[in-house]
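What follows is the residue order along each chain.
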Amino acid sequence: MAKTKMIIDCDTGVDDALAISYILANPDIEFLGISTTFGNVSVDQSVKNSLLLLEMFHREDVKVYRGMEHNWKSDSYYRDPRLDDIHGRNGIGNVDLGEPKRKAEDICAVDFIVDCARKYGEDLHVVFVGPLTNFGECVKKDPEAMKRINITIMGGALTVQGNRDIYSEANIFDDPVAAKYVFGSEAHINVIPLDVTLKTLFKVSDIKEWKEINEAGKNLYEIARFYYVNEYQDEETGGAMHDPLAAFASYDPSIITNWFRCNLTVEENGRMIGTFRELNLPEKRHSVALDVDAKRFTETYIELVTRMIKDL
Ligand code: CA
């Protein structure tokens with residue numbers, strides 16, 4: 001069977017790093033590249049973190065592309081100081097992985113995604129796990145090509161409160177204009193919102209084996225541990241696996257046990273919600289994950305990533 005061709009578009013913080021690890025670890029995925037954006041960190045730090053993670057796992061065959069620097073409603077990137085406590089100053093839990101040997105490719109992330117969409121069509125899976133600015137630029141560039149591919153985003157909160165404020169989830173909040181634009185486009189989007197990612201929690205004890213295996217395992221353990229301890233103030237409460245679940249569900253949508261079909265929009269305050277005027281339309285462009293087989297996800301994720309670390 002042909003491998004699943006996948007691109008991840010990320011603002012490389014801790015859970016992005018764990019999503020990248022999953023894609024690298026899944027032998028049935030052909031990892032076409034990492035496209036980067038701002039969000040948890042600046043786009044340049046996102047490039048750096050992505051390159052360093054690939055080096056750490058000896059996967060210099062995977063290329064990294066630099067994307068948009070800021071959202072559609074401002075002309076510069078602003079980093080919320082609270083992110084230092086969630087993802088660390090460098091986005092990867094203040095773990096020092098040195099300087100990358102490689103650089104981002106010359107072609108920009110948006111061109112890379114659109115080129116792949118034109119080339120691979122329905123065989124392509126793109127997972128957007130940061131603000132949706134690069135996605136918006138892709139739709140502007142070639143809406144027809146973006147209509148044909150498989151798109152999964154991590155973002156929004158439909159039946160629970162947000163994590164940026166009570167209305168909004170961070171990725172949607174960080175570029176509500178682009179988010180509204182892509183939801184209003186003809187692209188079909190699978191949405192992995194907080195409703196499910198808050199049900200997939202990893203405890204530090206779940207991954208403690210990693211730190212004994214080798215240097216890469218220890219580093220990934222420390223990156224994840226920073227987030228769990230700082231975000232949740234307790235190693236054993238567990239940390240939400242936002243971005244890894246989106247990557248997993250792009251490869252295997254059956255991990256989601258309840259997909260709700262609707263047509264979404266985003267309000268000015270960053271709230272993601274179904275549109276009033278499209279409520280009774282038979283055609284639905286969006287599938288929102290409302291429940292997940294958390295046990296199978298957790299077990300499969302840890303098994304795959306542990307095996308990859310051991311095989312380094
Ligand atoms: Ca992210």
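Right above here is the structure, for reference.
Residues numbered from 1 in each chain as written. Predicted model: local features only at pLDDT ≥ 70, side-chain atom pairs only at ≥ 80, totals over all residues. Heavy atoms only, no water.

All right, on to the overall build of the protein then. The helix and strand tally for the protein stands at 14 helices and twelve strands. Radius of gyration (C-alpha) of the protein: 18 Å, near the 20 Å computed for a compact globule of 312 residues. For the C-alpha atoms alone, the extent of the protein along its principal axes is close to 55 × 45 × 40 Å. The proportion of buried residues among the 312 residues of the protein is 56%. When the accessible surface of the protein is summed, it comes to about 13,200 Å², and 48% of that surface belongs to carbon and sulfur atoms. Side-chain charges in the protein split into 36 positive and 52 negative, and the spacing between the mean points of these groups amounts to 2 Å. (Helix = DSSP H or I, 4+ residues; strand = E, 2+ residues; numbered from the N terminus. Rg over C-alpha atoms; globule rule 2.2 N^0.38 Å. Buried < 20%, exposed > 50% of the residue type's maximum accessible area, 1.4 Å probe, protein only. Areas by Shrake-Rupley, 256 points an atom, 1.4 Å probe, with all protein chains shown as cover. Lys, Arg positive; Asp, Glu negative; His and termini not counted. Charge placed at Lys NZ, Arg CZ, Asp CG, Glu CD.)

What follows deals with the pairing of strand β2 (residues 29-36). The two faces of a sheet get side chains in turn, since along a regular strand they alternate between them. Burial of β2 is extensive: seven of the eight residues sit out of reach of the surface. In the sheet, strand β1 (residues 4-10) pairs with β2 via seven bridges, with the strands oriented parallel. Bridge pairing in β2 links Asp-9 to Ser-35. Considered for its hand, the β-α-β crossover made up of β1, helix α1 (residues 14-25) and β2 is right-handed. (Pairing = 2+ DSSP bridges. Right-handed = clockwise from strand over helix to strand, strands pointing away.)

Right, let's talk about the nonpolar core for a bit. Nonpolar side chains in soluble globular proteins tend to be buried together. Of all hydrophobic cores here, the largest spans 62 residues; its most connected members are Ile-8, Leu-18, Ile-34, Trp-210, Tyr-228 and Tyr-301. Considering every element that reaches this core, the biggest residue donor is α1, with nine residues. Core analysis: the next-biggest nonpolar cluster, separate from the first, contains 35 residues, Ile-7, Leu-132, Met-146 and Met-272 among them. (Core = buried A, V, L, I, M, F, W, Y, C linked by side-chain atoms within 4.5 Å.)

At a minimum axis separation of 11 Å, helix α13 (residues 242-251) and helix α14 (residues 294-310) run at an interaxial angle of 95°. Looking at the two axes, α13 sits roughly perpendicular to α14. Two secondary-structure elements touch here, α13 through Pro-244, Leu-245 and Phe-248 and α14 through Arg-296, Phe-297, Thr-300 and Tyr-301. Considered class by class, the residues forming the contact of α13 with α14 number five nonpolar, one polar and one charged. (Axes fitted to C-alpha atoms, helices over the stretch in contact; angles between N-to-C directions. Parallel < 35°, antiparallel > 145°, perpendicular 65-115°, else oblique. Contact = heavy atoms within 4.5 Å. Nonpolar A, V, L, I, M, F, W, Y, C, P; charged D, E, K, R; others polar.)

Turning to its location among the elements, Asp-11 is positioned in the loop between β1 and α1. Buried charge without a partner: Asp-11 forms no salt bridge, and the closest opposite charge is Arg-164, 7.5 Å away. Within the structure, the side chain of Asp-11 is placed 2.8 Å from the backbone nitrogen of Asn-40, a separation counted as a polar contact. If near-sequence neighbours (up to four positions away) are discounted, Asp-11 is found in contact with Asp-16, Thr-37, Phe-38, Gly-39, Asn-40, Val-41, Ser-46, Val-129, Gly-130, Pro-131 and Asn-171. (Salt bridge = Lys/Arg side-chain N within 4 Å of Asp/Glu carboxyl O. Polar contact = N/O pair within 3.5 Å; in protein donor to acceptor, adjacent residues only side chain to side chain.)

All right, on to the packing of aromatic side chains then. To describe a pair of aromatic rings, you give the distance between the ring centres and the angle between the ring planes. Counting across every chain of the model gives ten aromatic pairs. Relative to Phe-297, the ring of Phe-202 has its centre 6.1 Å away and its plane inclined at 40°; by these criteria the two rings are tilted. Taken together, the residues Phe-202 in strand β7 (residues 201-202) and Phe-297 in helix α14 connect sequence positions 95 residues apart. You can call Phe-202 buried: its relative accessible area is 0%. A relative accessible area of 0% means that Phe-297 is categorised as buried. An angle of 70° between the planes, with centres 5.3 Å apart, marks the rings of Phe-202 and Tyr-301 as edge-to-face. With Phe-202 in strand β7 and Tyr-301 in helix α14, this residue pair connects regions lying 99 residues apart in the sequence. (Phe/Tyr/Trp six-rings, centres within 6.5 Å; stacked < 30°, edge-to-face > 60°.)

Turning to the sheet that holds strand β6 (residues 189-192), a few remarks are in order. Pairing is mixed across the open sheet formed by eight strands, whose spatial order is β3-β2-β1-β4-β5-β6-β12-β9. Looking at strand neighbours, the two that pair on one side only are β3 (64-66) and β9 (256-262), the edges of this open sheet. On average, each strand axis in the sheet is tilted by 25° relative to the strand beside it, whichever way the strands run. In the sheet, β1 pairs with strand β4 (residues 124-128) via five bridges, with the strands oriented parallel. Bridge pairing in β4 links Lys-5 to Leu-124. Along the sheet, helix α2 (residues 43-56) contacts β1, β2 and β3; its crossing angle with β3, the most-contacted strand, is approximately 180°. Sitting on the sheet, helix α4 (residues 109-120) touches β1, β2, β3 and β4, and the angle it makes with β2 is about 150°.

Fair warning: the whole summary comes from geometry, so function is off the table for now.
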